[in-house]
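# Structural features, examined
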Amino acid sequence: MENVLEYIKKNNMIKPREVIGVACSGGRDSMALLHFLNSVKEELDCEVVAINVDHGIRPSSAFDTEFVMNYCKENHIRAYKFKGEALKVASEEKLTIEQAARKVRYGIFETVIQRGLVDKIALAHHLNDQAETVLLNIIRGSGLTGARGMEPVRDGIYIRPMLTTPREEIMSYLDENSIEFVEDETNSDNTYSRNYIRNIVMPALRKNFKSVDKNIVNFANICAKDDDYINSQIDMRTMIETADYVKLPLTYFYQDEAIVNRILRRALSRFAKQDIESKHINMLRSFALEAENGTMINLPFKIKAVKEYDYLTIGYIKKNEMTGEYPFRSGKLFIEGYGMIRTTSSKVRTEPKIHQHIVDAGRIPTTAVWRFRQEGDMFSPLGLGGTKKLKDYFIDKKIPARMRAEIPVLADGNRILVVADIEIADEVKVTDDTHQFFKINYVRDLM
C-alpha cells in the first residue's frame, strides 16, 4: 500500500487537524484502511476514528460490530457504532437490500458529519472495486457518467484513499501487519448483483485478460476526462431551483443529446442518491419534447416529472388543495404552505416594488377575504380590459395547474380583486383620485 499516502496527498483528501471517520465493517478492506490511516495520522496531522454500521441483515452482524469495537479499544481508536434497519427500509421503500443498506449507511454518515463528530468519511473502495463498479454501471446502462466510476473525493466529504490500490496489495498488507478481519458470509451470495460481478464475471474475464481490472479503470479515467469536458460546456443558469424541485426550460432539450443527458442527470442528482439509469434519462428527454402540458410521470426514488408550459419540473412534486378564509386587514397574515402576506395602510403614493401590490384602499370592500380559487371566480386583470374566468387567466399566464390551488386570492364573493404576487384587478388600481393606499407585500416560504 505504498501509493496510498501519496494518493491522499495528491488529491488533498485530508487537511491538518481534521477528524477522519473510517467506515469500518470489520472486513479485510476496511480493517486495512483503518490500520493504515491510524499508522500515518501523525504525518497527516489528523485524528482517525472508526464508524461501524450494523445493518441487521445477517445473524453474525452483531459479532462483527463487537469485533470492530474490541479492535479499536485495544488500539486506542475512538469508535462509534450504529444500528441500521436495511430490511425494513427495503420493504417500505421497495428497494433491493443492497440499495436499502447503502441508503441507511450514507444516512448515518451524513448524520455523523452534521453532528460534527467527524469531518470526513473514509471509504475502503480499492482498484478492483472500481473496475467492478464501472462494469456494473455499464451493464445497467448508466452512460459515460456512470462509466467514470467512483471519485477519489466526493462532495468534499467522502474520500477513497485506496481507490488505485489493487486487492493483492491490501491482502499483503494484512499479512505483513498481522491484521485480523471478519468474513461477511453474504459476500458469497451471488444473488446480489455486486457479488455476481465480483465472484462470477470478473474471475472469468481474468482468465483470458490478465490486466482486465487495470484496463477497465484506465477506461474509466478516460471517460472521466471526456465527461468533465462535456460538463464544462453546460450552462444551467436559467434553471430554477427550490428545496423540493427544479424547473428546466424546454429550450434546454433542443441541444445536443450529450448535453441534455447531463443536464437531466445533474437535476436528478438533487433528489436521487444513486445514478438514474439511461432508460429514465431517455424517457425524460422524449417526455419534455413530446408530452402534453400538465402530464406527469413517476421516476425512481419518489421523484416525479411534470411538463408545465415552457418548463419541465423535476423533484418531489405535490399538489396541495388549500382551504380557508382570512379577513382582509392591515398586518401580517401567515398562510401555511404559502408564506406571509403583509398589508400596510399608507397615504403616500409610491411605485410598487418586486413582490408587492399597491391598491386603492377605498375600493376594497369590508367583505373582502383572502381565500383560494373557487368555481365561478371571475377576474378583470389590470389594464387588459374585460372580465374572464380565473381559470382562463391562470392558463393565459401559464401558471402550472398543480400550483393554482396554492395561490391566495383576495375576493369579494366570486369577484377577484387581487391574485397574490401576480396581478390586481383593474377596479382596485390606483388613480389620481386615490388618497388612501394599501401596500400588500408577499414573502413566500420557498423562493
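Here's what I pulled together on the structure shown here. Nothing here was measured: the structure is a model prediction, and the numbers come from that model.

Attention shifts here to unusual backbone geometry. The phi angle of most residues is negative, glycine excepted, and most peptide bonds adopt the trans form. One non-glycine residue, Asn12, adopts positive backbone phi at about 50°. As for its placement among the helices and strands, Asn12 is situated in the loop between helix H1 (2-10) and strand E1 (19-23). For Asn12, a relative accessible area of 58% translates into the label exposed. The phi angle at Ser178 is positive, at roughly 50°, despite the residue not being glycine. You can call Ser178 exposed: its relative accessible area is 64%.

Any two packed helices are characterised by the angle at which their axes cross and by the distance between the axes. The N-to-C vectors of helix H11 (residues 212-232) and helix H12 (residues 257-268) enclose an angle of 90°; their axes lie 10 Å apart at closest approach. Relative to H12, the element H11 lies roughly perpendicular. Here Asp227, Ile230 and Asn231 of H11 lie close against H12, whose contacting residues are Ala258, Ile259, Arg262 and Arg266. Of the residues belonging to the contact of H11 with H12, the class tally is 3 nonpolar, 1 polar and 3 charged.

Here we take up the nonpolar core. Within the largest apolar cluster, 37 residues are counted, with the highest numbers of intra-cluster contacts made by Ile8, Ile14, Leu34, Phe36 and Leu37. When residues of this core are traced back to their parent elements, those giving at least two are H1, E1, helix H2 (28-39), strand E2 (47-54), helix H4 (61-74) and helix H9 (167-176). A total of 6 residues in this core trace back to one element, the largest contributor, which is H2. With residues up to four places along the chain from it excluded, the contact list for Phe36 reads Met1, Val4, Leu5, Ile8 and Tyr173. Tyr338, Phe379, Ile407 and Ile416 belong to the second largest nonpolar core, which has 32 residues in total.

Within the open sheet, the 6 strands sit side by side as E3-E2-E1-E4-E6-E5. Their pairing is mixed. Each edge of the open sheet is held by one strand with a lone partner, namely strand E3 (79-83) and strand E5 (153-154).

To continue, consider the packing of aromatic side chains. Taken as a whole, this structure holds 9 aromatic pairs when the rule is applied. Through a chain of ring-to-ring contacts, the aromatic side chains of Tyr106, Phe109 and Tyr158 assemble into a single cluster. A cation sits over an aromatic face here: Arg102 above Tyr106, 4.5 Å from the ring centre. The ring of Tyr245 is capped by Arg402, whose NZ or CZ atom sits 4.9 Å from the centre of that ring.

Each value, and the rule that gives it
Residues numbered from 1 in each chain as written. Predicted model: local features only at pLDDT ≥ 70, side-chain atom pairs only at ≥ 80, totals over all residues. Heavy atoms only, no water. Helix = DSSP H or I, 4+ residues; strand = E, 2+ residues; numbered from the N terminus. Buried < 20%, exposed > 50% of the residue type's maximum accessible area, 1.4 Å probe, protein only. Axes fitted to C-alpha atoms, helices over the stretch in contact; angles between N-to-C directions. Parallel < 35°, antiparallel > 145°, perpendicular 65-115°, else oblique. Contact = heavy atoms within 4.5 Å. Nonpolar A, V, L, I, M, F, W, Y, C, P; charged D, E, K, R; others polar. Core = buried A, V, L, I, M, F, W, Y, C linked by side-chain atoms within 4.5 Å. Pairing = 2+ DSSP bridges. Phe/Tyr/Trp six-rings, centres within 6.5 Å; stacked < 30°, edge-to-face > 60°. Lys NZ or Arg CZ within 6 Å of the ring centre and 35° of its normal.

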